[in-house]
Amino acid sequence: MAAANYLPSEDQFLCCICLDVFTDPVSTPCGHNFCKNCITKHWDTSYRCQCPLCKETFTIRPDLRVNTLLTEMVAQFRQSAQQKASSSSSQQQAAKPGEFPCDVCTGTKLKALKSCLVCLASYCETHLEPHLTASRLKRHQLIDPVENLEDRMCTKHDKPLELFCKTDQTCVCMLCTVLDHKTHYFVPLKEEYEEKKAELGKTEAEIQQMIQKRQLKIKKIKHSVDLSKEDADREIAEGVQVFTALKESVERGLNELIKMIEVKQRRTQKLAEALIKDLEQEISELTKRSTEVKQLSHPEDHLHLLQRIESLKAPRLLKNWTEVSIRPSSHEWTVVRAVSQLEETLNKEMKVLLAESELKRVQQYAVDVTLDPDTAHPKFILSDNGKQVKHGNVKKNLPDNPERFSDDVCVFGKQSFSSGRFYFEVQVEGKIEWFVGVARESINRKGEIKLSPRYGFWAILLKNGNEYCAAAGPPVRLSLKSRPQKVGVFVDYEEGLVSFYDVDAAALIYSFTGCSFTEKLFPYFSPGDNYFGKNSAPLIISPVRVK
């Protein structure tokens, strides 16, 4: 009973020769089924009688009889398929605006599912059925629904455009190949389509690559803008700091000038007040004497006048005020001198502030440097963390590899640099001899080292406890205001610049300019000889701390 409800699929009823549903199915002795007409024509055109499926060869052409059971099953299948098509047709919806209508439907136009490039028509699900079942229609090329199928016809011969003329780069029909394009080179449309599709794919890949490059360029530009913004913010902050300091210095100078002028004015005021007081006292005494003179001369007493006149002639201790005067205070040179002194102070402060600003600027390029034990002289002692080196007097038995310094006491950093900017700091406190800088990778490590840019070294050094030099070849003697305790080294590879700084004093020690770098640069260190313990302090690569 269960078999009655079983509906086989269409694939079970397809002839492998015509690829259509069986018509008059027959069976071969090997058990395979074919349309009677298909297998007959196949054997008629073949030089041997062979099954198309299993390749079994028959010496005598077998008699073929219709497979009645399969014929009945095919009939049932066709009936079921028609009922199903009829049912689905009733369920289909009319074509909506923007959708392609079926060209066969009368009355309400249903939505087209496919367009046929041979028939030049579009079909709904119901009217598409023949193209899916009929062997002759199965060979037609179906595509998703399109409009203007007439554009796919040759306008001159009214035939389908089936070929592509490579010579004229245009689509043509079969008649075009024997008439207008007789000697040209043709390929099927599908072949040209695949070729053009591959070219478009390549073009699309190239376009995507160009898009990615431009997106990367945008990213880099935005990153550059961000870096520029950071630099601008930093420069503004440093500018505000510098100009604020200068402003405060100017205000201090102005306050000192006002205070000095006011002190000078108060001194003049005090002197004038003292002189006025003395003059007023003498005026008081002279007024009193004038009164006495008038009183003595007024009465007509001859005796009294003569007796007192001698006392009036007695000398009085009075100042000679002829040469006494108060000159108005002059402040014109006071301002000039104050401004001159302020200018000198500002110049000093500006140098300090600019030096601090420059040091902060280069410190942002700080890198983590560690010592390379494979390059260290056998007498060196390196710390476990690779940050300290000192002379140990005793020569250790180490492999004499090509990288190792064998004669002069030197060691390289592990890190190398072949572009950009980098900065590191070295503590030199407590030493009477040291060498610090950068060097080319290719420098001589086995013989005597000559410290100069010519031989691949850019370094400064201390020798004899107090003699600072730049290894410029010949050496340049450096006059420093204080002994550096920590030395900063900055390199701008592209700019060809190597600068050295006194970190604590925030002062530039020396710069090598106009250098030409063509290979890797390595940080270079030498703690110098031990000198019987007088120079035993280590060189220490210090962490960079921005002030």
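Here goes a summary of the coordinates provided. (Residues numbered from 1 in each chain as written. Predicted model: local features only at pLDDT ≥ 70, side-chain atom pairs only at ≥ 80, totals over all residues. Heavy atoms only, no water.)

**A short note on the sheet that holds strand β11 (residues 411-412)**
Each strand in a sheet pairs with its neighbour through backbone hydrogen bonds, running either in the same direction (parallel) or in the opposite one (antiparallel). This is how it is decided: Strand pairing is defined by DSSP finding a minimum of two bridges between the two strands. Put simply, DSSP H or I for four residues or longer makes a helix, DSSP E for two residues or longer makes a strand, and each gets a number counted from the N terminus.
Judged by pairing direction, the sheet is antiparallel, and its six strands sit side by side in the order β11-β20-β13-β14-β15-β16 without closing on themselves. A single partner strand is all that each edge strand has here, and the edge strands are β11 and β16 (476-478). Alignment of strand β13 (residues 434-440) against strand β14 (residues 457-463), held across six bridges, turns out to be antiparallel. Across the sheet, residue W434 finds its bridge partner in β14, namely L462.

**Observations concerning unusual backbone geometry**
Where we set the bar: Per-residue accessibility, obtained with a 1.4 Å probe over protein chains only, is compared with the maximum for each type, and a residue is labelled buried under 20%, exposed over 50%, and partly exposed between these values.
Following G473, the chain continues into P474 via a peptide bond in cis, with omega recorded as 5 degrees. Even without a glycine there, the phi angle at Q169 is positive, about 55 degrees. Tracing the chain through its elements places Q169 in the loop between β6 (163-165) and β7 (170-172). A relative accessible area of 45% places Q169 in the partly exposed class.

**Topic: the pattern of salt bridges**
Put simply, the rule is: The rule for a salt bridge is simple: a side-chain nitrogen of Lys or Arg has to be within 4 Å of a carboxyl oxygen of Asp or Glu.
Overall, the coordinates contain 14 salt bridges when judged by the stated rule. With a shortest N-O distance of 3.0 Å, E192 and K166 are connected by a salt bridge. On the criterion of sequence distance, the pair formed by E192 in helix α6 (residues 189-297) and K166 in the loop between β6 and β7 is long-range, its members being 26 residues apart. A relative accessible area of 3% means that E192 is categorised as buried.

**Description of helix α1 (residues 36-44)**
Note the following rule: To obtain the arc, one takes the directions from the helix axis to the C-beta atoms. Throughout, a contact is declared for two residues whenever any of their heavy atoms are within 4.5 Å.
Buried within α1 are the following residues: C38, I39 and W43. Each buried residue of α1 sits inside an arc of 120 degrees when the element is viewed along its axis, so together they form one side. Residues of α1 that are exposed and angled more than 90 degrees away from the buried face: K41 and D44. On the buried face of α1, the contacting elements are β1 (25-27) and β2 (33-35).

**Considering the packing of aromatic side chains**
Definition in use: Under the pairing criterion, centres of Phe, Tyr and Trp rings, with the six-membered ring standing for Trp, must be within 6.5 Å; the plane angle then separates stacked pairs below 30 degrees from edge-to-face pairs above 60, leaving the rest tilted.
Inspection of the entire model under this criterion finds twelve aromatic pairs. The interplanar angle of 40 degrees and the centroid separation of 6.0 Å between the aromatic rings of Y365 and F490 together place this pair among those described as tilted. Of this pair, Y365 sits in the loop between α8 (332-363) and β9 (380-382) while F490 sits in strand β17 (residues 486-492), placing them 125 residues apart in sequence. Since its relative accessible area comes to 21%, Y365 is described here as partly exposed. Taking the relative accessible area as the measure of exposure, F490 reaches 2% and is therefore buried. Taking the centre distance of 5.1 Å and the plane angle of 70 degrees together, the rings of F457 and Y524 count as edge-to-face. Within this pair, whereas F457 is found in strand β14, its partner Y524 is found in strand β20 (residues 521-526), the two being separated by 67 residues in sequence. With a relative accessible area of 2%, F457 lands in the buried category.

**A short note on the pairing of β13**
Most of β13 is tucked away, with six of its seven residues classed as buried. Pairing of β13 with β20 involves six bridges; the strand directions are antiparallel. Bridging from a neighbouring strand, F435 pairs with S526 of β20.

**Regarding the sheet that holds strand β5 (residues 142-143)**
Strand order in the open sheet formed by three strands is β4-β3-β5, with antiparallel pairing between adjacent strands. Each edge of the open sheet is held by one strand with a lone partner, namely β4 (121-123) and β5. Note that strand β3 (residues 114-116) and β5 share two bridges and pair antiparallel. By the bridge assignment, S115 is partnered in β5 with I143.

**Overview of the environment of D502**
Selection criterion: Pairs of N or O atoms within 3.5 Å make up the polar contacts considered here, provided that, within protein, one atom can donate a hydrogen while the other can accept it, and that residues adjacent in sequence are counted only when both atoms are side-chain atoms.
With respect to the secondary-structure elements, D502 resides in strand β18 (residues 497-502). Sequence spacing of D502 and A355 is 147 residues, and the spatial spacing of their C-alpha atoms is 10.0 Å. Once residues within four sequence positions are removed from consideration, D502 is found in contact with S482, R483, P484, K486, A507 and I509. From its side chain, D502 meets the backbone nitrogen of D504 in a polar contact 3.3 Å long.

**Regarding the nonpolar core**
This is how the line gets drawn: The term nonpolar core refers to a set of buried residues drawn from Ala, Val, Leu, Ile, Met, Phe, Trp, Tyr and Cys, joined through side-chain atoms within 4.5 Å.
The biggest cluster of nonpolar side chains holds 35 residues, and the ones touching the most others in it are W434 and F525. Other than its neighbours up to four places away in sequence, F525 contacts V369, L371, V409, C410, V411, G413, F424, V426, F435, L539 and I541. Counting residues in each nonpolar core, the second largest holds 18 residues, with C18, V21, C51 and V74 among its members.

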